[in-house]
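# Per-entry structural report
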Amino acid sequence: MSEPLLQAIDLECERDERLLFQNLSFSILPGTLTRVEGPNGTGKTTLLRILAGLNDAWSGQLLWCGQPRMAQRESFLRNTLYLGHRPGIKPLLTPMENLRALMAGRREIADGALARALEGTGLSGFEHVPCRNLSAGQQRRVALARLLVADEPLWLLDEVFTAIDADGVRAIEALLQQRAEEGGAVLVTTHHDLDLPGMQRITLGTGGQYER
Amino acid sequence: MNADARPSVKPVSSAVGPLGAMGAVFARDVRVAFRQRQDLLNPLLFFIMVVTLFPLGVSPEVAFLKQSGAGILWVAALLSVLLSLDHLFRHDFDDGTLEQLVLQPQPLFLLILAKTAAHWVLTGLPLVLLAPVLGVMVHLDGNSIAILCLTLLIGTPVLSMIGAIGAALTLGLRSAGVLLSLLIIPLYIPVLIFGTGTVAAAAEGAPVAGYLALMGAFLVLAVTLAPFASAAALRISLSNS
């Protein structure tokens, strides 16, 4: 389990003629939990979007399982889960339909598994209510239910704790930790005070330091 | 957690092929549209209003309408497709589902093709179905109406396909409407010219097979090339957001 899933070498990103980070190198190993931290506007979200493959305005090298990511786009996409600022939830669809749409194109999954995932995020009884009738926190929970049916080894999570209540936050922390123990790799950005044992940190805003 | 959800690098699944993914995108878009029916009616109402206002504003004479009816219908159809384009990716962009679409382990241009097909079924196809009624209203004869519907049937998917490129390119902009029109209208002009030209030729009794073949060529070109351009434009827009 020592081969890194994702390796960044000398990443550099400039945005609006401002250097966000340069010479940023790190490895994401299976079974690790990494927090990307730094003040507002230092490029945490941008870094995650670069890693997810949504942002192309960077230079450097990104390796997926030891080989250039570009060369194995589908394998990378199949095995990476990105949850962004915008949760990817359609207000007009029900949680069930949303979850199914999020899984589309990835793998077959039974309705029962999706229902269990929604139940796991405290949304039982709301499976067939359009999401616009749910609260902001509940809508986030629909996106989080996606984590409960995820088989992707790499998770890139941007501000997962937004609009989640205290119990929910604890549940997510436990989930992330359990995930790392099972051999998954998790990368999170958050302003929430997250400090789990064995957590790595990538600190931005200081010229892109990386410490273990 | 069940065993199949264990985190390990998995090969790209063959269980969900590109066709399945395209079907899912298409079905989702249709479902969302039917939950928001007023958005579906907007381009249709616009189409009907423009065509009905023309005789009132210009001339209700039969001779005038017979001559310009096909042109009026074509221009109105073109503008109502243009009107609906901004919604094609905008809502998905705002709620983040577009990001998830781009991150699907499937060829993006096929997903865009499915999305654009859904757009055509929801906006272009209703226009084609409504055209005979409005054709009768502007005193077109039966043959002209048939040819007009045929040209619209071939032409409106081209409008959706080309429009998707513009919609994808202007996605990151706050006031995209004007720029979108400026980008797209020049590309719509050939479709419009050949669409109305076909009906005019048919009215004079000239053979229209050549015209229709050319429009068919537009359609093939648009379906095969536009999704690639839209996919590339989407990546640029998402990259800059």
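This one's a predicted model, so the numbers in the text were calculated from it and none came from an experiment.

Moving on, we get to the overall build of chain A. What chain A contains, in helices and strands, is 6 helices and 10 strands. A globule of 212 residues ought to have a C-alpha radius of gyration of about 17 Å, and chain A, at 17 Å, matches this closely. Here the C-alpha coordinates of chain A stretch approximately 50 × 35 × 35 Å along the principal axes. Counting only residues that meet the buried cut, chain A has 45% of its 212 residues in that class. At a minimum sequence separation of 6, the contacts of chain A that also span at least 24 residues come to 71%.

We now examine the overall build of chain B. Helix and strand counts for chain B stand at 9 helices and 0 strands. For chain B, the α and β elements follow one another from N to C terminus as α-α-α-α-α-α-α-α-α. Over its C-alpha atoms, taken along the principal directions, chain B stretches across nearly 75 × 35 × 30 Å. Counting all 241 residues of chain B, 44% fall into the buried class. A fraction of 81% describes how many contacts in chain B between residues 6 or more apart in sequence connect residues 24 or more apart.

Moving on, we come to the domain arrangement of chain A. Residues and elements named next belong to chain A. By the assigned domains, chain A splits into domain 1 (1–79 + 152–212) and domain 2 (91–151). Its C-alpha centre places domain 1 at a distance of 24 Å from the equivalent point of domain 2. Between domain 1 and domain 2, the residue contacts involve 11 residues of the former and 9 residues of the latter. A per-element tally of the side of domain 1 that touches domain 2 places helix α6 (residues 166–182) first, with 3 residues.

Turning our attention to the UniProt feature "transmembrane region" (unreviewed entry) in chain B. All names here are of chain B. The UniProt record marks residues 40–58, 70–89, 109–133, 145–171, 178–203 and 209–234 with the feature "transmembrane region" (unreviewed entry), using the residue numbering of this structure. Across residues 70–89 one finds 95% helix and 0% strand; the C-alpha atoms that close the span lie 30 Å apart. Counting secondary structure, residues 178–203 comes out at 100% helix and 0% strand; the distance between its end C-alpha atoms is 35 Å.

Moving on, we get to the interface of chain A and chain B. Taken together, the contacts link 37 residues of chain A with 31 residues of chain B. Contributing elements (two or more residues each) for the side of chain A that touches chain B: α2 (73–78), α3 (95–103) and α6 of chain A. Each residue belonging to the side of chain A that touches chain B can be placed in one class, and the counts come to 17 nonpolar, 9 polar and 11 charged.

All names here are of chain B. Put simply, helix α3 (residues 62–85) and helix α8 (residues 177–203) touch, their axes get as near as 10 Å, and they point 150° apart. In terms of orientation, α3 lies roughly antiparallel with respect to α8. Seen along the crossing, α3 lies across α8 with a hand that is right-handed. On α8, the residues that touch A70, G71, W74, L78, L82 and L85 of α3 are L180, S181, I184, Y188, L192, G195, T196, V199 and A200. By residue class, the composition of the contact of α3 with α8 is 11 nonpolar, 4 polar and no charged.

A separate point is the nonpolar core. Membership of the largest hydrophobic core comes to 131 residues, with the highest contact counts inside it found for A:L156 and A:L187. A per-element tally of this core places helix α7 (residues 142–169) of chain B first, with 14 residues. The two domains that each donate at least three residues to this core are domain 1 (1–79 + 152–212) and domain 2 (91–151) of chain A. Filtering out sequence-adjacent residues up to four positions away, A:L156 remains in contact with A:L48, A:L51, A:A52, A:T80, A:L81, A:Y82 and A:L187.

Residues and elements named next belong to chain B. Two elements in contact, helix α6 (residues 108–137) and α7, have axes whose closest approach is 8 Å; the angle formed by their N-to-C orientations is 150°. Judged by the inter-axis angle, α6 sits roughly antiparallel to α7. Here α6 runs over α7; the crossing is right-handed. For the pair α6 and α7, contact is made by I112, T116, H119, W120, G124, L127, V128, A131, P132 and G135 and by I145, L148, C149, L152, L153, T156, P157, L159, S160, M161 and A164, respectively. Residues belonging to the contact of α6 with α7 are distributed by class as follows: 15 nonpolar, 6 polar and no charged.

Residue and element names in this part refer to chain B. Under the 1.5 Å per step criterion, the end-to-end length of helix α9 (residues 209–239) is 44 Å for 31 residues, consistent within 8% with the ideal 45 Å. Roughly 35° is the biggest bend found in α9, and it falls at L225, with proline P227 one to four residues downstream. Listing the buried residues of α9 in full gives Y211, M215, A222, A226, P227, S230, A231, A233, L234, S237 and L238. On its buried face, α9 is in contact with α5 (97–102), α6, α7 and α8.

So, about the pairing of strand β1 (residues 6–15) of chain A. Residue and element names in this part refer to chain A. Bridge count for β1 against strand β2 (residues 18–28) is 7 bridges, and the pairing is antiparallel. Within β2, the position partnered with L6 by the bridge is I28. Counting the residues between successive antiparallel strands, the hairpin from β1 to β2 contains 2 residues, one of them, D16, with a positive phi of roughly 50°. In this sheet, strand β4 (residues 58–64) lies alongside β1 in antiparallel orientation, the contact comprising 6 bridges. Each residue of the ladder has a partner; that of A8, found in β4, is L62.

Mean pLDDT over chain B: 91, with 96% of residues reaching 70 or higher. ipTM for the predicted complex: 0.89, alongside a pTM of 0.91.

Mapped onto the elements of the fold, A:G168 is located in helix α6. A tally of 18 C-beta atoms within 10 Å means that A:G168 is categorised as partly exposed.

What follows concerns helix α1 (residues 44–52) of chain A. All names here are of chain A. Most of α1 is tucked away: 7 of the 9 residues are buried. Turning to α1, its buried residues number three or more, namely K44, L47, L48, R49, I50, L51 and A52. Those residues of α1 that are buried are in contact with β1, β3 (33–37), β4, β6 (80–83), β7 (154–158) and β8 (185–189).

What counts and what doesn't
- Residues numbered from 1 in each chain as written.
- Chains lettered and ligands numbered in written order.
- Predicted model: local features only at pLDDT ≥ 70, side-chain atom pairs only at ≥ 80, totals over all residues.
- Helix = DSSP H or I, 4+ residues; strand = E, 2+ residues; numbered from the N terminus.
- Rg over C-alpha atoms; globule rule 2.2 N^0.38 Å.
- Buried ≥ 20, exposed ≤ 12 C-beta atoms within 10 Å, placed from the backbone.
- Contact = placed C-beta atoms within 7 Å.
- Domains from an automatic or database assignment.
- UniProt positions renumbered as here; feature names shortened; annotations may be inferred.
- Nonpolar A, V, L, I, M, F, W, Y, C, P; charged D, E, K, R; others polar.
- Axes fitted to C-alpha atoms, helices over the stretch in contact; angles between N-to-C directions.
- Parallel < 35°, antiparallel > 145°, perpendicular 65-115°, else oblique.
- Left-handed = near helix turned anticlockwise from the far one by under 90°.
- Core = buried A, V, L, I, M, F, W, Y, C linked by C-beta atoms within 7 Å.
- Expected span 1.5 Å × (residues − 1).
- Bend = angle between axes of the 7 residues up to and from the residue.
- Pairing = 2+ DSSP bridges.
- pLDDT = per-residue confidence, 0-100.

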